[in-house]
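Letter by letter, the chains look like this.
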Amino acid sequence: MKYFVYILESLTDNKFYIGFTNNLKRRFKEHNMGLVRSTKPRKPFKLLYSESFGTKEQALEREKVFKSHKNHSYIEKLIQKCIPISSK
């Protein structure tokens, strides 16, 4: 099973949300439908970035790296380096 770490941007307040899941498409839809309590007031979102991993542990470690950066310059630099992905 694959696991994903993802970065969303709120189109309401332009802030990032970082999470992990084993079903990126489903989880993205849940965020935009307001089914996630922590992001409900900030919807809608666009998917900015994702990485896939072979294990849950690897994904959790990567999520911790993203969340450990207090300012978002690391994430902004990461996003600028990658090719934009669709948020369909």
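Residues numbered from 1 in each chain as written. Predicted model: local features only at pLDDT ≥ 70, side-chain atom pairs only at ≥ 80, totals over all residues. Heavy atoms only, no water.

What about the packing of aromatic side chains?
In plain terms, the rule: Only Phe, Tyr and Trp rings take part, Trp by its six-membered ring, and two of them pair if their centres are within 6.5 Å. Stacked means planes under 30 degrees apart, edge-to-face means over 60, and tilted covers everything else. Helix and strand assignments follow DSSP, with helices taken as H or I runs no shorter than four residues and strands as E runs no shorter than two, numbered in order from the N terminus. When a residue's accessible area, from a 1.4 Å probe over protein chains only, is under 20% of the maximum for its type it is buried; when over 50% it is exposed; and in between it is partly exposed.
Per the stated rule, a full pass over the model turns up three aromatic pairs. Here Tyr6 and Tyr17 contribute two aromatic rings whose centre-to-centre distance is 6.3 Å and whose plane-to-plane angle is 40°, an arrangement assigned as tilted. With Tyr6 in strand S1 (residues 3–10) and Tyr17 in strand S2 (residues 16–21), this residue pair connects regions lying 11 residues apart in the sequence. One exposure class covers both Tyr6 and Tyr17, and it is buried. Each residue in the set Tyr49, Phe66 and Tyr74 is aromatic and connected to the rest through ring pairs, giving one cluster.

A few points about helix H1 (residues 24–32)
For clarity, the cut-off: It is the directions from the helix axis to the C-beta atoms whose arc is reported. In what follows, a contact means two residues having at least one pair of non-hydrogen atoms within 4.5 Å.
Residues Leu24, Phe28, Glu30 and His31 constitute the buried set of H1. The buried residues of H1 occupy an angular sector of 160° when the element is viewed end-on, so they sit on one face. For H1, exposure combined with an orientation more than 90 degrees from the buried face picks out Lys25 and Lys29. On its buried face, H1 sits against S1, S2 and strand S3 (45–53).

Considering the confidence of the model for the chain
In plain terms, the rule: Confidence of the predictor in every single residue is expressed as pLDDT, which spans 0 to 100.
In the predicted model, the chain carries a mean pLDDT of 90, and 91% of its residues have values of at least 70. The lowest-confidence element of the chain is helix H3 (residues 73–81), averaging 81 in pLDDT; the highest-confidence one is H1, averaging 98.

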